[in-house]
Protein chains: 2
Amino acid sequence: MVIRNAASHAAFRNDKMGKATLAAADHLFAGLNAFEPGQEHKLHTHAGQDKLYFVLEGVGEVTVGEQESRIVPGDFVLARSGEEHALRNPGPGRLIVLVVMAPPPSGG
Amino acid sequence: MVIRNAASHAAFRNDKMGKATLAAADHLFAGLNAFEPGQEHKLHTHAGQDKLYFVLEGVGEVTVGEQESRIVPGDFVLARSGEEHALRNPGPGRLIVLVVMAPPPSGG
């Protein structure tokens, strides 16, 4: 399966971070998280799942474990299973990140 | 873990496609495949592993199952477990793709 210009499939929402699915396979999930300025995905963990972010557009402030970083397009982030992570868009532009989780979430 | 400008970690080789590791975690592997003009990763399959490509730099010709496509930066490719896939760099520039496999390969 080929998806051209993946970032163009980002789905923004006014009330919270928007999610879009690129691929839901047996062993991994790939999608897009889309943040309007000021939106955030608060600190959380995934037990038994590794998660990576790859920044496609905009600027983010990411927390992974004890580390806080400003991330820009081309930057890569790994949150290992059980590792706390959060992602915020400080603005002023929109933020789009590619997200991959393995194994995929159950029940969508 | 944050890796800035992931593509800058690509490792080219003269004799064949170069590989670099970004993250080797319990449930996924993430890395970079780097192709000089004319290099290719021939048709192959991974049993029990899903694999995705995300194009970072250059132009590629990808085969996934029956589908052949020209891919450019921002394009996303999924090869599901057992699905044949190949990737070639037709040139004239270099090709760098982000690769994610889940579950990770055993023994590197």
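Read on for a plain summary of the structure.

Criteria and thresholds
- Residues numbered from 1 in each chain as written.
- Chains lettered and ligands numbered in written order.
- Predicted model: local features only at pLDDT ≥ 70, side-chain atom pairs only at ≥ 80, totals over all residues.
- Heavy atoms only, no water.
- Salt bridge = Lys/Arg side-chain N within 4 Å of Asp/Glu carboxyl O.
- Buried < 20%, exposed > 50% of the residue type's maximum accessible area, 1.4 Å probe, protein only.
- Phe/Tyr/Trp six-rings, centres within 6.5 Å; stacked < 30°, edge-to-face > 60°.
- Helix = DSSP H or I, 4+ residues; strand = E, 2+ residues; numbered from the N terminus.
- Lys NZ or Arg CZ within 6 Å of the ring centre and 35° of its normal.
- Pairing = 2+ DSSP bridges.
- Axes fitted to C-alpha atoms, helices over the stretch in contact; angles between N-to-C directions.

### A few points about the pattern of salt bridges
All names here are of chain A. Enumeration according to the criterion identifies eight salt bridges over all chains in this entry. Linking Arg-13 and Asp-15 is a salt bridge whose minimum nitrogen-to-oxygen distance equals 2.7 Å. The exposed category is assigned to Asp-15, whose relative accessible area is 56%.

### Examining the packing of aromatic side chains
Within this structure, the stated rule accounts for one aromatic pair over all chains. Plain terms: the ring middles of Phe-54 of chain A and Phe-54 of chain B are 5.9 Å apart, the flat faces sit at 65° to each other, and that makes the pair edge-to-face. Remark: Phe-54 of chain B occurs in strand S5 (residues 50-57) and Phe-54 of chain A occurs in strand S5 (residues 50-57); the pair is interchain, linking two chains. Side by side, Phe-54 of chain A and Phe-54 of chain B carry an identical accessibility label, which is buried. Note that Arg-94 of chain A overlies the ring of Phe-12 of chain A, its terminal NZ or CZ placed 3.8 Å from the centroid.

### Some points on the sheet that holds strand S9 (residues 85-88) of chain A
All names here are of chain A. The strand order across the open sheet formed by four strands is S4-S9-S6-S7, and the pairing between neighbours is antiparallel. Each end of this open sheet is capped by a strand with a single partner; those strands are strand S4 (40-44) and strand S7 (67-71). Between one strand and the next, the sheet's axes are offset by a mean angle of 15°, whatever the strand orientation. Strand direction decides the pairing type here: S4 and S9, joined by three bridges, are antiparallel. Among the inter-strand pairings, His-44 is bridged to a residue of S9, identified as His-85.

None of the figures reported here should be taken as evidence of function without further support.
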